[in-house]
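# Remarks on the overall topology
The lines below spell out each chain.
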Amino acid sequence: MTIKAEIISVGTEILLGEILNSDAQIISSALSELGINLYYQTVVGDNYERLSEVLKTALSRSDIIILTGGLGPTYDDITKKTAADALNLRLIEDNDVLKRIQAYFDKKNIEMTPNNKLQALIPQGAKVLQNDWGTAPGIMIEYNKQKIFMLPGPPYECENMLKNRLIPILKEQSDGIIKSKFIRVFGIGESAVEYLLRDIMANAQNPTAAPYAKDGEALVRITAKAADEKEADKLLEPLETEIIKRLGTNVYGINCASLEDQAAELLKKSRLTVSCAESCTGGLLAERLTSISGASNFFPGSIVSYTEEIKNNILKVKKETIETFGVVSLQTAQEMALQASITFKTDIGIGITGYAGPSAPSENDLGHIFVCVYFKKRYSAKELRLIGNRNKVRRLASSWALKLLIDILKENNLPNKIP
């Protein structure tokens, strides 16, 4: 039997875009891993009539309904009352819950205001899901053959309640698992990926493949539904192999979080070090590398050589190189990469120079970037013509630097000629 789940996120602040709906994201991911089909997500404001309508619709079509938010002590926390009314249940004060709430305030040496007692009201016959991370308890109601769950809205509380209270219950409902793998792609766009994989996506049923675009990258999610993880892996393996074969070197990682995450992993494995000299990216590459925990093991530092004087005097790029070829040139990028490696005594050096915009010598120069990686007395470089605003160009330039670094770390040798 196909189990259908639905998420209802309660909160006007979510509806208006004032906060991100991170609760729905983590719940969706958990349902997917459990093999429970999520068919609907709804966001509704703190309004009794509209929430009643949404809940009534959910009850007509879903086996599992998960509500988040609206369990607090304030006047606009209406989730419990609305759900109880929809199911014709009375709200009853639970003494055990009330004692836990009082103990929570006593521990913090804060006086509990009377309205906090509202959090101890539980729909008649419901099961209390103990909240060890806040005051509002979670609630489970079994209605006919359906299960209705209510979880607190604060993301920290919601995530812990999900992992420690809800998932153990939901595992009993699942008739298998859904496993996904993410093939990370950089260098071609979503439309190109779709074109190369069109026949796979059209014909695949289990497992399936779907491309997505994100932050100047693309990724392909492959998903299999199976009885267990071993069977899912067996289904996914041939599809993963075929997709990697078609996309070639544009694939930079599997199930990694980002370009910088993959670069860091490879640097750690190879025990190599890297440094960089940045001009137009202004330290963005260094920021991305140092966002990884343990970066000090492979990244000692960088130089932001934004002006020609800094390139000459601090980075030691030759004046004649800039005078002959220009500050934005392959030759300058090469020297920047080399000097970064020398200055910081690293195995690898990266140089980036270009015009991020919006100002440049001419319109044709906007987005003109050179990225170069130095390793083992050889260079790997990329000349770029990037389109977009200043922030996008800087982001893409740093991404290309990371992609070149990843390619080098994978191959551990460089071509004789610069591409």
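Residues numbered from 1 in each chain as written. Predicted model: local features only at pLDDT ≥ 70, side-chain atom pairs only at ≥ 80, totals over all residues. Heavy atoms only, no water.

## With respect to the sheet that holds strand S9 (residues 177-185)
- With antiparallel pairing, 4 strands are arranged side by side in an open sheet as S10-S11-S9-S12. Only two strands of the sheet have a single partner each, and these edge strands are strand S10 (208-214) and strand S12 (251-254). For this sheet the average axis-to-axis angle between neighbouring strands, irrespective of direction, equals 25°.
- Where S9 and strand S11 (residues 217-226) come together, 9 bridges link them in antiparallel fashion. Its bridge partner lying in S11, Ile-178 is registered against Lys-225.
- Taken strand by strand, helix H9 (residues 229-247) contacts S9, S10, S11 and S12, and its axis lies near 150° from that of S11. (Pairing = 2+ DSSP bridges. Helix = DSSP H or I, 4+ residues; strand = E, 2+ residues; numbered from the N terminus. Axes fitted to C-alpha atoms, helices over the stretch in contact; angles between N-to-C directions. Contact = heavy atoms within 4.5 Å.)

## Topic: the sheet that holds strand S8 (residues 146-151)
- If you trace the 6 strands from one edge of the open sheet to the other, you get S2-S1-S3-S8-S7-S6, paired in mixed fashion. Both edges of this open sheet fall to strand S2 (37-44) and strand S6 (127-129), since each of them pairs with a single strand only. If you compare each strand with its neighbour and ignore which way they point, the axes differ by 20° on average.
- In this sheet, strand S3 (residues 64-68) lies alongside strand S1 (residues 4-10) in parallel orientation, the contact comprising 5 bridges. Of the residues in S3, the one forming a bridge with Ile-8 is Leu-67.
- Each of S1, S2, S3 and S8 is contacted by helix H2 (residues 22-34), which is oriented at about 170° to S1, the strand it contacts most.
- Across the sheet, helix H4 (residues 79-86) lies against S1, S3, strand S7 (138-143) and S8, angled at about 165° from S8, the strand it touches most.

## Structural notes on H2
- Look at H2: 19 Å from first C-alpha to last across 13 residues, which is about the 18 Å you get at 1.5 Å a residue.
- Among the residues of H2, those classed as buried are Asp-23, Ala-24, Ile-27, Ser-28, Ala-30, Leu-31 and Leu-34. Buried residues of H2, viewed axially, fall in a sector of 165°; they line one side. Across H2 from its buried face, at more than 90 degrees, point the exposed residues Gln-25 and Glu-33. (Expected span 1.5 Å × (residues − 1). Buried < 20%, exposed > 50% of the residue type's maximum accessible area, 1.4 Å probe, protein only. Arc of directions from axis to C-beta.)

## Section: the environment of Ile-348
- Its place among the elements puts Ile-348 in strand S15 (residues 348-354).
- Assessed through its relative accessible area of 0%, Ile-348 is described here as buried.
- Once the C-alpha coordinates of Ile-348 and Phe-299 are considered, the two residues, 49 residues apart in sequence, prove to be 9.8 Å apart.
- Leave out the neighbours within four places in its chain, and Ile-348 touches Leu-267, Leu-272, Thr-273, Val-274, Ser-275, Ser-341, Val-373, Tyr-374, Phe-375, Leu-405 and Leu-409.

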